[in-house]
Amino acid sequence: MKPINIISLINAKSDLEEPLFILYLKEFEASLRDHEYEDLRSLLFTLRKEKHFADIFEGFYVGFRINQISKEFDLLRFGEKSIINIELKQQSDEEKIKKQLLENRYYLKFLEKEILSYTYVSSEEKLYKLNAQEEIEEIDVETLKEELCEQRLEEIDDIHKLFDPIRYLVSPFNQTAAFIEDEYFLTDHQKNIKKEILTDCHTSGSNFFSIEGAAGTGKTLLTYDIAKEMKNLGKEVLILHTASINSGQRILEEVYDWNISQPKYIRNLNFDDYELIIVDESQRLTSLQADLIIEKVRATNKNCIFSFDPRQTLSEKEKKSNALQIIAQDAEPKSFTLKKKIRTNAELANFIKSLFDLREIKTDQNYSNVTLSYLSEIKDAKEYLESLTDRGWKVISPTPSMYGMFYYEYYRSSGSETAHEVIGQEYDNVACVIDWNFFHNERGQLETVAETQQMVYPPLYMLLQMVTRARKKLNLVIIKNPRVLEGCLKILQQTEFVRK
């Protein structure tokens, strides 16, 4: 995206035929709605009424949108020490103006510059500013002119590189304090789901809801945000988590008085004590647990949300469980699906997809955040994993079986967590092992040797759980497996898979 002179933009809008104007916009990746062009035209007229300097109209990013997030800014101008943000409105009230500018300031504060936030209301020809006390005040246009004049423009190679979506996507488990302090925003789609669920929760009788979403869609954040909103309204909420209780959940319990339990304790829990029951990772329920939850919710006239990702199972038993079918047929929930992956690093997502099926290899993807580490000896692999832990990587290992010791426990490092312990969590840098039991079949699909497929927790399921925990970087430690290394190198070097 390139900055543009806003006088040039308005002149082009007035003079050019539509096809040529669209082509002109494409050069700058500029974007405004039709009525916003009129608002901008009004702002320019106001700025040019009195004496002005021509360069104050230079260097604006118009309609910039943060990748993967439904967050857009009308006008942004970057200086060496400050950022000027101007929002365009035909009409608005001060409360809405304040809310938007505070939200914008949140997204801009990571750049560690002074943020000057304005809204121009064209119907009134008035300019409002968010002051240091985070209050809205009407100001004279000369103030904006002065700040535009004083700003020394900064040259930016790629504005998108300044705004890493991961900065704005908070995990209730791994960034618990930020979650509690509301230091995040939901997408418009998430907000609409939340509003609909909360509205229905205030009606009489039992209400069932389901929220389905793959890794990276913000399913957990939305679910926990709804729980927090209910608690803020003075309502008691019970969360049933189908995996091990993690450290973030313990903080929510011990510090913030949340009620979090596990499905195995359902019979001992009194649903009368709660207004809302949330079942997190519902795909891991047994059919008996699903039946019992539905029965108890109905008996107590409560509200219940089933949150799930059908792909995130860790055993054949879970995969074959008909819990989700029971929920769909017996509870008949109002269903919502999150499809847009706002939390997913596109590079890692493409690599993981190709890892499990080499036919998905992309030829236009850079994999600078994927590392392959090949080792021949288990001892060396274990030492390497220990060193990664010391350097701040989250090393994730397959979950040990309760019925005996399996081969993968020999290379498990002391600082690692298991696939079950990290369910629902995400980490910046993740390392995990692919050992000699994995291979790509003739169709390019990742499989494991026959003797591992009858394990309680099949390695293929656990590997998917482990690699999808990575937010920024992934290090695959490949032990004694040249064939899988070759397949991974084809992905990194973008070599098209040829069926054997």
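One can find the structure itself at the top, above this paragraph.
Below, the structure is looked at part by part. None of these values were measured; they are calculated from a predicted model.

Each helix and strand in the chain was counted, giving 17 helices and 19 strands. For the C-alpha atoms alone, the extent of the chain along its principal axes is close to 85 × 60 × 45 Å. Within the chain, the proportion of its 500 residues that are buried is 54%. Within the chain, residue pairs in contact and separated by at least 24 positions form 74% of the contacts whose partners lie at least 6 positions apart.

Looking now at the sheet that holds strand β16 (residues 427-434). The strand order across the open sheet formed by 5 strands is β13-β19-β16-β14-β15, and the pairing between neighbours is parallel. Strand pairing shows two members of the sheet lacking a second neighbour, β13 (370-375) and β15 (417-418), which therefore form its edges. Where strand β14 (residues 394-397) and β15 come together, 2 bridges link them in parallel fashion. The partner of I396 across the bridge, within β15, is E417. Along the sheet, helix α14 (residues 346-356) contacts β13, β16 and β19 (470-479); its crossing angle with β19, the most-contacted strand, is approximately 35°. With respect to the sheet, helix α17 (residues 482-492) is in contact with β13, β16 and β19, its orientation differing from that of β13 by roughly 160°.

Of all hydrophobic cores here, the largest spans 48 residues; its most connected members are F78, F163, F179, I197 and W258. By residue number, the principal contributor to this core is helix α9 (residues 219-232), which donates 6 residues. Each residue touching F179, except ones within four places of it in the same chain, is listed here: V170, S171, P172, Y184, L221, Y224, D225, K228, L252 and W258.

On to a negative patch on the surface, then. A cluster of like negative charges, contributed by D93, E94, E95, E124 and E138, occupies part of the molecular surface. Within the fold, E94 resides in helix α4 (residues 94-108). Its relative accessible area of 45% is what places E94 among the partly exposed residues.

Going through the model one piece at a time under the given rule, you end up with 15 aromatic pairs. Ring centres 6.1 Å apart and planes at 65° place the aromatic pair F179 and W258 in the edge-to-face group. Of this pair, F179 sits in helix α7 (residues 176-180) while W258 sits in the loop between α10 (247-254) and β9 (259-261), and the two are 79 residues apart along the sequence. Residue F179 shares its accessibility class with W258, and that shared class is buried. Among the aromatic side chains, those forming a connected cluster through ring pairs are Y61, F64, F73, F78 and F163. In this structure, K71 packs its charged tip against the face of F73, placed 5.3 Å from the ring centre.

If you trace the backbone, A299 turns up in helix α11 (residues 287-300). Look at A299 and you get exposed, because its relative accessible area is 67%. For the pair A299 and G424, spaced 125 residues apart in sequence, the C-alpha to C-alpha distance is 30 Å.

Sheet strands pair via backbone hydrogen bonds, and the direction of the pair is either parallel or antiparallel. One open sheet holds the 6 strands; their spatial order is β1-β2-β3-β4-β5-β6, and the pairing between them is mixed. The open sheet has two edge strands with one neighbour each: β1 (61-65) and β6 (136-139). Each adjacent strand pair in this sheet contributes to an overall mean axis angle of 35°, direction not counted. Pairing geometry for β1 and strand β2 (residues 72-78), over 4 bridges, is antiparallel. Along β2, the bridge assignment pairs Y61 with L76.

Applying the stated criterion across every chain, the model contains 24 salt bridges. Between K228 and D182 there is a salt bridge; the shortest N-O distance is 2.4 Å. With K228 in helix α9 and D182 in the loop between α7 and α8 (188-201), this pair connects stretches of sequence that are 46 residues apart. Close ionic contact of R443 with E447 constitutes a salt bridge, the shortest N to O distance being 3.9 Å. Under the relative-accessibility criterion, R443 is labelled partly exposed at 30%. One network of salt bridges, in which partners are shared, links K194, D225 and E229.

Each value, and the rule that gives it
Residues numbered from 1 in each chain as written. Predicted model: local features only at pLDDT ≥ 70, side-chain atom pairs only at ≥ 80, totals over all residues. Heavy atoms only, no water. Helix = DSSP H or I, 4+ residues; strand = E, 2+ residues; numbered from the N terminus. Buried < 20%, exposed > 50% of the residue type's maximum accessible area, 1.4 Å probe, protein only. Contact = heavy atoms within 4.5 Å. Pairing = 2+ DSSP bridges. Axes fitted to C-alpha atoms, helices over the stretch in contact; angles between N-to-C directions. Core = buried A, V, L, I, M, F, W, Y, C linked by side-chain atoms within 4.5 Å. Patch = residues over 30% accessible without salt bridge, like charges linked within 9 Å, V, L, I, M, F, W, Y side chains within 5 Å. Areas by Shrake-Rupley, 256 points an atom, 1.4 Å probe, with all protein chains shown as cover. Salt bridge = Lys/Arg side-chain N within 4 Å of Asp/Glu carboxyl O. Lys, Arg positive; Asp, Glu negative; His and termini not counted. Charge placed at Lys NZ, Arg CZ, Asp CG, Glu CD. Phe/Tyr/Trp six-rings, centres within 6.5 Å; stacked < 30°, edge-to-face > 60°. Lys NZ or Arg CZ within 6 Å of the ring centre and 35° of its normal.

Read these as layout, nothing more, since geometry by itself doesn't imply function.
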